[in-house]
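Listed below are the residues making up each chain.
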Amino acid sequence: VMVMQVAWSQAEANYDESKVPDFELPDPLKTFNGKKIRNSKKWTKKGRQELLDFFTENVYGEVPGELKIASAQIVEQSENALNGKAKRRQVELTFKKGNRNLHFFILMYLPKSVEKAPVFLGYNFYGNHTITEDVNVIISEAWSRDNPSFGIINNQLTEQSRGVRTNRWAIEKMIDAGIGLATIYYGEVDPDKDDFTDGVHPFFYVDNQQQPAASEWGSISAWSWGLSRALDYFETYSEVDENKVIVFGHSRLGKTSLWAGASDERFAGVISNCSGCGGAALSKRKFGETVGRINSSFPHWFCKNFRNFNNNEEALPVDQHELLALIAPRPLYVASAEEDQWADPKGEFLSAFYASKVYDLFDKKGITSDKMPAVNEPIQNTVSYHIRTGKHDVTDFDWEQYINWAKEQVLK
Ligand code: GTR
């Protein structure tokens, strides 16, 4: 029934460019008071800060406190993974507060050729063991959404799903380029369901609190928090270069990588793959998925305050190009897929284009034309964009572009 509902609503959405409402996009180079921002210093001190505050309190939600890594343990490793191509590390991070415990595992494949490796850091949807055929990858015990086609039933990950998502992770291409991969099962940080009693949220409850306050974190913000904790770990870990961590995510996890990159300036680069509504796509276009739709299908992703803009995008004093601008001057890659109209590829492109104004302040080249490039013809600058043929997915084509851009724009 749930699936039917989603399909029905996706069909109901607006996909007609002529029905996109007239809207005015806020200028990232103007403060909320209408003052012009003329240089990068003013941007960083004033414009960026007030936008960051707005997105924190009204879109993704603030993290209500601090929770540091209690222990980090390499629980499994090999110097000869992937047919001798890479080193493999599996690290368990533990967090404790009172009698609560949270654990998540970082699976790493690192190139042998580099002592301190740059890495792509990104969550996976169905467990670390799904991203590779490697039989040594530990199967997560955390709750998972059922997916009978992967043999996932009763919310349990099993051997049957090993390797089912290898198509989304071009690990060997990364390793050949001298870049490692670090991945985490997102369900270990916060299970992806409308339930605030599990995952990291309850660590900060006071008395009998049952859920975060209206300005406090939803799941996207919780997942972003986890990425920042992985980065904390890399700061202590000699085999990863903590100054060269590129955060990556697809779809809801692309919304997450954008928020992680915006809220934590230590990330050296940010990739949004088909992130759509509440990610790279402009909300005010109301094309494909909308704010009202996303907040009703996924009530736990954003903070409650974001619901004030359900069917009311006009009232938003910001739009998602300003989320992208928060990442400036660091390299940013936004990618879409032609058949992923639900995520509004044009809205994702325009968002990258309008964010580029802020990159200009730093003399960094962004997207210089408001004409979308042809499919499979990437534009690669400090701000990069491509739309590829095909569906809502992550493909080898996507990774080839990300690797090329990483080498040119992030790691040089
Ligand atoms: C869809 C949702 C999108 C996107 C996607 C995904 O159902 O409407 O916003 O996040 O899920 O994560 O695959």
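Look up a bit, the structure's there.
Residues numbered from 1 in each chain as written. Predicted model: local features only at pLDDT ≥ 70, side-chain atom pairs only at ≥ 80, totals over all residues. Heavy atoms only, no water.

Some details on the site of the ligand
Residues in close proximity to the ligand include Ser 251, Arg 252, Lys 255, Glu 289, Ile 294, Phe 298, Trp 301, Trp 342 and His 392, which together make up its full environment. Taking Lys 255, its side chain carries an N or O atom lying 2.9 Å from an oxygen atom of the ligand. Between the ligand and the protein, one listed contact pairs an oxygen atom with a side-chain N or O atom of His 392 at 3.4 Å. The fraction of the free accessible surface of the ligand (310 Å²) that becomes covered by protein chains is 85%. Of the residues in the shell around the ligand, the class split is four nonpolar, two polar and three charged. (Near = heavy atom within 4 Å. Polar contact = N/O pair within 3.5 Å; in protein donor to acceptor, adjacent residues only side chain to side chain. Areas by Shrake-Rupley, 256 points an atom, 1.4 Å probe, with all protein chains shown as cover. Nonpolar A, V, L, I, M, F, W, Y, C, P; charged D, E, K, R; others polar.)

Points about the pattern of salt bridges
Here the structure, examined in full by the defined rule, presents 33 salt bridges. Note that Lys 19 is salt-bridged to Asp 16, the shortest N-O span being 3.8 Å. Between Lys 193 and Asp 198 there is a salt bridge, with the nearest N and O atoms lying 3.0 Å from each other. Owing to a relative accessible area of 14%, Asp 198 belongs among the buried residues under this scheme. Overlapping salt bridges, with partners in common, bring together Arg 229, Asp 232, Glu 235, Asp 264 and Arg 266 in one network. (Salt bridge = Lys/Arg side-chain N within 4 Å of Asp/Glu carboxyl O. Buried < 20%, exposed > 50% of the residue type's maximum accessible area, 1.4 Å probe, protein only.)

Here we look at the pairing of strand 4 (residues 117-124)
Burial of strand 4 is extensive: eight of the eight residues sit out of reach of the surface. Bridge analysis of strand 4 against strand 6 (residues 240-250) gives five bridges, and the strand direction is parallel. Residue pairing in the sheet places Leu 121 in a bridge with Val 247 of strand 6. Sheet analysis places strand 4 next to strand 5 (residues 180-185), joined by six bridges and oriented parallel. (Helix = DSSP H or I, 4+ residues; strand = E, 2+ residues; numbered from the N terminus. Pairing = 2+ DSSP bridges.)

Examining the sheet that holds strand 7 (residues 269-273)
Spatially, 1-2-3-5-4-6-7-8-10-9 is the arrangement adopted by the 10 strands of the open sheet, whose pairing is mixed. At either end of the open sheet lies a strand with only one pairing partner, and these are strand 1 (71-81) and strand 9 (379-380). Sheet analysis places strand 8 (residues 332-337) next to strand 10 (residues 383-388), joined by six bridges and oriented parallel. Within strand 10, the position partnered with Leu 332 by the bridge is Val 383. Docked against the sheet, helix 5 (residues 252-263) engages strand 4, strand 6, strand 7 and strand 8, running at close to 145 degrees with respect to strand 6. Of the strands in this sheet, strand 4, strand 6, strand 7, strand 8, strand 9 and strand 10 touch helix 9 (residues 396-410), which is tilted by about 160 degrees from strand 7. (Contact = heavy atoms within 4.5 Å. Axes fitted to C-alpha atoms, helices over the stretch in contact; angles between N-to-C directions.)

Describing the pairing of strand 3 (residues 100-111)
Along any regular strand, the residues point their side chains to alternate faces of the sheet. Judged by how many residues are buried, strand 3 sits mostly within the fold: nine of 12 residues are covered. Sheet topology note: the strand 2 (residues 86-97)/strand 3 ladder contains 12 bridges and is antiparallel. When the sheet's bridge partners are listed, Lys 96 is paired in strand 3 with Asn 101. Where strand 2 folds back on strand 3, the antiparallel hairpin that results is connected by two residues, among which Gly 98 adopts a positive phi of roughly 55 degrees. Where strand 3 meets strand 5, three bridges bridge the pair, whose relative direction is antiparallel. Note that in strand 5 the partner of Tyr 109 across the bridge is Leu 181.

Description of the side chain of Arg 48
Following the sequence through the fold, Arg 48 ends up in helix 2 (residues 40-60). When its relative accessible area of 5% is taken as the criterion, Arg 48 is described as buried. Excluding anything up to four places from it in sequence, Arg 48 contacts Trp 43, Ala 262, Glu 265, Leu 326 and Arg 330.

A look at the nonpolar core
The biggest cluster of nonpolar side chains holds 89 residues, and the ones touching the most others in it are Ile 106, Met 108, Leu 121, Trp 225, Phe 234, Trp 259 and Leu 332. In terms of residue count, the dominant contributor to this core is helix 4 (residues 219-236) (nine residues). Leave out the neighbours within four places in its chain, and Trp 259 touches Leu 52, Phe 55, Thr 56, Tyr 60, Ile 220, Ser 221, Ser 224, Leu 323 and Leu 326. Core analysis: the next-biggest nonpolar cluster, separate from the first, contains 28 residues, Ala 86, Leu 181, Phe 248 and Ala 406 among them. (Core = buried A, V, L, I, M, F, W, Y, C linked by side-chain atoms within 4.5 Å.)

Some details on helix 9
For helix 9, built from 15 residues, the straight-helix expectation of 21 Å at 1.5 Å per residue is met to within 8% by its first-to-last C-alpha distance of 20 Å. By the burial criterion, the buried members of helix 9 are Asp 398, Trp 399, Gln 401, Tyr 402, Ile 403, Trp 405, Ala 406 and Val 410. By the N-cap criterion, in which a side-chain oxygen at the helix start approaches the backbone nitrogen of a residue two or three places on, helix 9 is capped by Thr 395, the distance to Phe 397 being 3.3 Å. (Expected span 1.5 Å × (residues − 1).)

Considering unusual backbone geometry
Each neighbour pair has its own omega, and for Ala 328 with Pro 329 the value is 0 degrees, a cis peptide bond. With respect to the element layout, Pro 329 can be found in the loop between helix 7 (320-325) and strand 8. Of note, the phi angle at Cys 274 is positive, near 50 degrees, even though the residue is not glycine. Relative to the helices and strands, Cys 274 resides in the loop between strand 7 and helix 6 (291-297). In this structure, Asn 311 takes a positive phi of about 50 degrees despite not being glycine. Relative to the assigned elements, Asn 311 resides in the loop between helix 6 and helix 7.

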